[in-house]
Amino acid sequence: MIDAFETPVSVARAVAERAKQRRTAMRLTQAELAQKACLSFSAYRRFEQSGQIAFTSLLQVAFALDCMSDFNALFAGTSWATMDDMLKQAKPAKRVRHD
């Protein structure tokens, strides 16, 4: 569940920080990972510093870090704020006939 105070920018920065941690755990330099991910060094460095990266480039970084399976859950599930929301979605909408 996402914290109510998280923003797209804060999530992007957190993802970049986790990528950096994974990269250093794999004992790779920024330049080595950029090369492994087929990115320019400056693009990868900008990602680690700001969280800014194109989605396809992020997938390349994930592939280089052996984390592609993390994307399988993206948008896969449905979450509800209340039980009423869940029950409303569980019931199929009735078809209305317009003459």
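All of the points below concern the structure found in this document. (Residues numbered from 1 in each chain as written. Predicted model: local features only at pLDDT ≥ 70, side-chain atom pairs only at ≥ 80, totals over all residues. Heavy atoms only, no water.)

Overview of the pattern of salt bridges
Thought 1: The full count for this structure, using the stated rule, is one salt bridge.
Thought 2: A salt bridge links E48 to R23, with the nearest nitrogen and oxygen atoms 2.6 Å apart. Of this pair, E48 sits in helix α3 (residues 41-50) while R23 sits in helix α1 (residues 8-25), placing them 25 residues apart in sequence. For the pair formed by E48 and R23, the shared burial category is buried. (Salt bridge = Lys/Arg side-chain N within 4 Å of Asp/Glu carboxyl O. Helix = DSSP H or I, 4+ residues; strand = E, 2+ residues; numbered from the N terminus. Buried < 20%, exposed > 50% of the residue type's maximum accessible area, 1.4 Å probe, protein only.)

Description of the nonpolar core
For soluble globular proteins, nonpolar side chains are generally found buried alongside one another.
Thought 1: In this structure, A19, L33, A37, Y44, F47, V61 and L65 are the most contacted members of the largest nonpolar core, which totals 15 residues.
Thought 2: Every element with two or more residues in this core is listed here: α1, α2 (30-36), α3 and α4 (55-64).
Thought 3: Broken down by element, this core gets its largest block of residues, four residues, from α4.
Thought 4: Every residue in contact with Y44, bar those within four places of it in the chain, is listed here: A19, K20, R23, Q30, L33, A34 and V61. (Core = buried A, V, L, I, M, F, W, Y, C linked by side-chain atoms within 4.5 Å. Contact = heavy atoms within 4.5 Å.)

Digging into the packing of aromatic side chains
Thought 1: All told, the structure shown has two aromatic pairs when counted by the stated rule.
Thought 2: Ring centres of F55 and F71 lie 5.9 Å apart, and the angle between their planes is 85 degrees; on these two criteria the pair is classed as edge-to-face. Note that F55 is positioned in helix α4 and F71 in the loop between α4 and α5 (83-90), a separation of 16 residues in sequence.
Thought 3: Accessibility expressed as a relative area gives 47% for F55, which makes it partly exposed.
Thought 4: We classify F71 as partly exposed; its relative accessible area is 22%. (Phe/Tyr/Trp six-rings, centres within 6.5 Å; stacked < 30°, edge-to-face > 60°.)

Distances and angles like these do not, on their own, reveal function.
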